[in-house]
Amino acid sequence: MERIIQNQFIGTFKNNIQLFIKREDLIHPFISGNKYRKLQYNLSKAKEENHAALLTFGGAYSNHIAAVAYVGKKYGFQTIGVIRGEELLSKINENPTLTFAQQNGMQFVFESREEYRNRHEMEYIENLRQKFGAFYLIPEGGTNDLAVKGCKEILTENDAEFDYICCCVGTGGTISGIIYSSHVNQRIIGFPSLKGDFLNGEIQKWVTKDNWELNNAYHFGGYAKINSELIEFMNDFFVQTSVLLDPVYTGKMMYGIYDLIEKEFFTANSKILAIHSGGLQGIEGLNQKLEKLKLPKIITNV
Ligand SMILES: *Cc1c(COP(=O)(O)O)cnc(C)c1O
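Residues numbered from 1 in each chain as written. Predicted model: local features only at pLDDT ≥ 70, side-chain atom pairs only at ≥ 80, totals over all residues. Heavy atoms only, no water.

Visitor: What is the right way to read the packing of helix α2 (residues 63–75) against helix α3 (residues 96–103) from this model?
Guide: Helix-helix packing is characterised by the crossing angle of the two axes and by the distance between the axes. Orientation of α2 relative to α3, taken along the N-to-C sense of each, is 15°, at an axis distance of 8 Å. Comparing their axes, α3 and α2 come out roughly parallel. Seen along the crossing, α2 lies across α3 with a hand that is left-handed. Residues I65, A66, A69, Y70 and K73 of α2 lie in contact with α3, whose contacting residues are T97, F100, A101 and Q103. Each residue belonging to the contact of α2 with α3 can be placed in one class, and the counts come to six nonpolar, two polar and one charged. (Axes fitted to C-alpha atoms, helices over the stretch in contact; angles between N-to-C directions. Helix = DSSP H or I, 4+ residues; strand = E, 2+ residues; numbered from the N terminus. Parallel < 35°, antiparallel > 145°, perpendicular 65-115°, else oblique. Left-handed = near helix turned anticlockwise from the far one by under 90°. Contact = heavy atoms within 4.5 Å. Nonpolar A, V, L, I, M, F, W, Y, C, P; charged D, E, K, R; others polar.)

The following block contains the structure:
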């Protein structure tokens, strides 16, 4: 998958900070940029090992579930998605992510939150093998050594001019690939979209450099937690730049970057590259949720 991804100039801000965004979201209209990269080498391995099926895990709005279903269909694998939340079984048609996955041929196993916690247990996986036969297992969020390998290709030689690289963090695979191919004089800042202190340790499994940090101030209460301030920021950003963000990952990162510029966190005159890792497929489903919560909706056209 050779792709030329453009860095788009967003603007010059306080203290002459210049902000650019790498448009990984343009890799595919429905499949997140980073999910594509994380799956690429896994698919080659699954083919090499003659697997007929892929099995993975995810929640109701999961970009990873959508991506696995799509690439499975495209490259001739059956796909099985173990989905967190048994109540979703009767609501597939109301959920755009699951509907898309199903249309791409994915079979589902709906699990209670309790059962879903067993997903790392050998015995649990063995039961799935009994039920479905052999499959190539892709962990939740898609992060493994081959996923990190794919994410090493996000940064290119031309990105050496940036002082800071900012990216979203879920399981830490994407930032690990970015850290790997960064230069030591560049600072990598990760914005976790979930609460918890385990991520530093996860990332340290994959990287040896120390030119990175996580900023935990912008998770908005946890994974897929959204408030009107975030939505309003994203909508303003979209009106000004025509770049659509998603509320689970890239919206929180960009909110954080703007806030940190305002608070003079970045050295004056520096250049920042923010990675737009995609995630736009989730917006439709999340807008339904926002409507129910009577919160402002995400604008998707101007
Ligand atoms: C999954 C995802 C991430 C997080 O990637 P990790 O490798 O799990 O840290 C970031 N941005 C988007 C849009 C995603 O879908």
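Visitor: Please clarify how unusual backbone geometry should be interpreted in this entry.
Guide: Leave glycine aside and you will find that most residues have negative phi; peptide bonds, for their part, are mostly trans. The phi angle at N50 is positive, at roughly 60°, despite the residue not being glycine. Positive phi, normally seen in glycine, also occurs at N269, with a value near 65°. Topologically, N269 is positioned in the loop between α10 (250–262) and β10 (271–275).

Visitor: Where do I start with a nonpolar patch on the surface in this structure?
Guide: A surface patch of nonpolar side chains, amounting to about 280 Å² of accessible area, comprises V239, I299 and V302. Within the secondary structure layout, V239 lies in helix α9 (residues 228–241). (Patch = residues over 30% accessible without salt bridge, like charges linked within 9 Å, V, L, I, M, F, W, Y side chains within 5 Å. Areas by Shrake-Rupley, 256 points an atom, 1.4 Å probe, with all protein chains shown as cover. Salt bridge = Lys/Arg side-chain N within 4 Å of Asp/Glu carboxyl O.)

So far we have only geometry, and geometry alone does not tell us how the molecule works.
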